[in-house]
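# Secondary and tertiary structure notes
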Amino acid sequence: MDGVRPEILPDELERIISIVRQHNRWRRLETINLIASENVMSPLAEAAYLTDMMHRYAEGKPRKRYYQGTKYVDDVEILLSELMKRLFRVEYVEPRAISGTIANATVFKVLADHGDKALIAPVQAGAHVSHTRYGILGGLGIEQIELPFDMETFNIDPDKAAKMIREMQPKLVTLGASVFLFPHPVKEISEAAREVGAKVVYDAAHVLGLIAGGKFQDPIREGADIVTSSTHKTFPGPQGGVIMTNSKDLYKAVSKVVFPVFVSNHHLHRLPATAVATLEMMHFGSEYAEQIVRNAKAFAEALAAEGFNVLGEHLGYTQSHQVVLDVRRHGGGAKAATLLEEANIITNKNLLPYDPPDAIKDPSGLRLGVQEMTRWGMREDDFRYIAKLMRRVVIDGEDPGRVRREVVEFRREYSRIHYTFDVDVDSLSDLKVPMLI
Ligand SMILES: *Cc1c(COP(=O)(O)O)cnc(C)c1O
């Protein structure tokens, strides 16, 4: 054996392995994960992810690379683009953006120059940091102007927004958000944008899996010029990004900017895994998205019945994978999220539309997403039970350690990922680097 004998392994090595094992066991097997921006891949997609492709380079477009050794990478990149075109019914797909942020950077750079204006969803209403002056939009020197938000409908005000677009004449308008309960008024905004020659960018990072399943909105058909997204939130792929459009000109411009401006290597092991996730969505996406929306509604209703202040009651709470709570009267978002973590229920604190922007460290809200637990097979009754566990920790002030034991036991019943193909993943072990648990 070429390796080092076990007795002289450095302590740090044992520590690394131990940290990874602990993380895997905790986050994968023992916690109820309600982070709205996360998900897990199927074992099949993981097998297609942990491959030699993670070590390779393939700058450029398929069949026109700057490197040798890419013929299979080319095949899989072309296949992925074809599958995504079919799933989302779009003409052009650019899969090389390595994250949602890089997808936005690419599209913003194509559509606007330094000093141009962009209209965005208000920050407190869930605009992603990349849409703002603090993120990539500001980094590119594009001016951020917030669209008017209507607290009653919990949405962008379509009439006021159209008026603002006509007055301000921006180069682009971003829709889509990180707090995203109800579909945005894409149609009305796209009509106004078209009049002034502005392009509408729909950021689907959170809801791509719901769009894939036909259960949220269909931004391209409603008039958006281009869709940017992550591939790992409700869409259950590896962490990555994608850009989609029906405009050949936009596609060409985007492809010229993603590489070489924002990406050199595009993290090639993402490609086959994203293709597996795309196929899963083609076959099981509708059923998966439907269950997500049902679970989110049941969860919201149950949380309200347990005594939580759930946003959007008069609107039916949610049409997405998210549920948003105002936990000010229970000590605020930071305290609630910390207590829940001690009970192995993982959530994040979040600004609410009526919070001041500087409340970022201790906002009023808690953002919850049901997508990952839905993939582990949980249904409405399971979310009713989780609502009770949350009440005990956040409202009743019960010892989180006691609740944690129940969480670990409950979680044990959900050990198989649903909405995927029935394939013996062990037969693919020649592809796969085993996971440390
Ligand atoms: C998460 C998110 C992003 C960023 O995606 P990354 O892949 O994490 O870079 C962009 N836009 C929205 C609306 C998001 O929620």
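Model, not experiment: these values are computed from the prediction. (Residues numbered from 1 in each chain as written. Predicted model: local features only at pLDDT ≥ 70, side-chain atom pairs only at ≥ 80, totals over all residues. Heavy atoms only, no water.)

This part covers the sheet that holds strand E10 (residues 199-203). Hydrogen bonds between backbone groups are what pair the strands of a sheet, and the pairing can be parallel or antiparallel. Taking strand neighbours across the sheet as the criterion, the seven strands line up as E4-E12-E11-E10-E9-E5-E6 in an open arrangement whose pairing is mixed. The sheet is open, and its two edges are formed by strand E4 (92-94) and strand E6 (143-146), each paired on a single side. Recorded for the sheet is a direction-independent mean angle of 25 degrees between the axes of neighbouring strands. Relative to strand E9 (residues 172-175), strand E5 (residues 117-120) runs parallel, the two being bridged by two bridges. Residue Ala118 lies in a different strand from E9, and its bridge partner there is Leu172. The strands touched by helix H10 (residues 248-262) are E4, strand E11 (226-230) and strand E12 (241-245); relative to E4, the strand with the most contacts, the crossing angle is about 10 degrees. (Pairing = 2+ DSSP bridges. Helix = DSSP H or I, 4+ residues; strand = E, 2+ residues; numbered from the N terminus. Axes fitted to C-alpha atoms, helices over the stretch in contact; angles between N-to-C directions. Contact = heavy atoms within 4.5 Å.)

The next thing to look at is helix H12 (residues 333-342). Owing to its 3.6 residues per turn, the α-helix aligns residues three or four sequence positions apart on the same side. Within H12, the full set of buried residues consists of Gly333, Ala336, Ala337 and Leu340. Taken around the axis of H12, the buried residues stretch over an arc of 95 degrees, which confines them to a single face. The elements touched by buried residues of H12 are strand E15 (345-346), strand E16 (348-350), strand E17 (365-369) and helix H14 (380-395). (Buried < 20%, exposed > 50% of the residue type's maximum accessible area, 1.4 Å probe, protein only. Arc of directions from axis to C-beta.)

So, about the pattern of salt bridges. Summed over all chains, the structure comprises 29 salt bridges. A salt bridge links Lys171 to Asp116, with the nearest nitrogen and oxygen atoms 3.0 Å apart. Note that Lys171 is positioned in the loop between helix H6 (158-168) and E9 and Asp116 in the loop between helix H4 (100-111) and E5, a separation of 55 residues in sequence. Two residues, Arg221 and Asp218, come together in a salt bridge whose shortest N-O distance is 3.1 Å. Salt bridges sharing common partners tie together Arg63, Arg65, Asp74, Asp75 and Glu77. (Salt bridge = Lys/Arg side-chain N within 4 Å of Asp/Glu carboxyl O.)

With respect to topology, four strands assemble into an open sheet ordered E13-E14-E17-E16, the strand pairing being antiparallel. Two strands close off the open sheet at either side, each with one partner strand: strand E13 (309-310) and E16. Relative to E17, E16 runs antiparallel, the two being bridged by three bridges. Residue pairing in the sheet places Asn348 in a bridge with Arg367 of E17. Running over the sheet, H12 touches E16 and E17 and is turned about 45 degrees from E17.

A few words on the domain arrangement of the chain. As assigned here, the chain comprises domain 1 (47-278) and domain 2 (285-411). A separation of 28 Å is found between the C-alpha centroids of domain 1 and domain 2. Each partner contributes to the interface: domain 1 provides 23 residues, whereas domain 2 provides 28 residues. Of all residues in domain 1, Gln124, Leu181 and Lys215 bury the most surface against domain 2, accounting for 30% of the area lost on that side. In this assembly, domain 1 and domain 2 are joined by one salt bridge. Between Glu290 and Lys215 there is a salt bridge, with the nearest N and O atoms lying 3.8 Å from each other. Counting across the domain 1 and domain 2 interface gives twelve residue pairs in polar contact (both at pLDDT 80 or more). In terms of residue class, the side of domain 1 that touches domain 2 is built from 13 nonpolar, seven polar and three charged. (Domains from an automatic or database assignment. Buried area = accessible area lost by both parts, 1.4 Å probe. Polar contact = N/O pair within 3.5 Å; in protein donor to acceptor, adjacent residues only side chain to side chain. Nonpolar A, V, L, I, M, F, W, Y, C, P; charged D, E, K, R; others polar.)

Orientation of H6 relative to helix H7 (residues 186-196), taken along the N-to-C sense of each, is 10 degrees, at an axis distance of 9 Å. On the basis of their axis angle, the class for H6 and H7 is roughly parallel. Note on element contacts: H7 touches H6 through Glu188, Ile189, Ala192, Ala193, Glu195 and Val196, opposite Pro158, Ala161, Ala162, Ile165 and Arg166. Here the residues of the contact of H6 with H7 sort into eight nonpolar, no polar and three charged. (Parallel < 35°, antiparallel > 145°, perpendicular 65-115°, else oblique.)

If a strand is regular, its side chains alternate between the two faces of the sheet. Of all five residues in E12, five are buried; the element is thus mostly enclosed. The side-chain alternation of E12 yields two buried faces, one formed by Gly241, Ile243 and Thr245 and the other by Val242 and Met244. In this sheet, E12 lies alongside E11 in antiparallel orientation, the contact comprising five bridges. In the sheet register, Ser230 faces E12, and the bridge partner there is Gly241.

Right, let's get into the packing of aromatic side chains. As enumerated under the stated definition, the model contains twelve aromatic pairs in all. Judged by centre distance (5.5 Å) and plane angle (20 degrees), the ring pair of Tyr57 and Tyr67 falls under stacked. Residue Tyr57 is located in the loop between helix H2 (43-49) and strand E2 (60-61), and its partner Tyr67 is located in the loop between strand E3 (64-65) and helix H3 (71-88); the two are separated by ten residues in the primary sequence. By relative accessible area, which is 42% here, Tyr57 ends up partly exposed. Judged by its relative accessible area of 33%, Tyr67 falls in the partly exposed class. Measuring from ring centre to ring centre gives 5.4 Å for Phe410 and Tyr414, while their planes differ by 65 degrees; the resulting arrangement is edge-to-face. (Phe/Tyr/Trp six-rings, centres within 6.5 Å; stacked < 30°, edge-to-face > 60°.)

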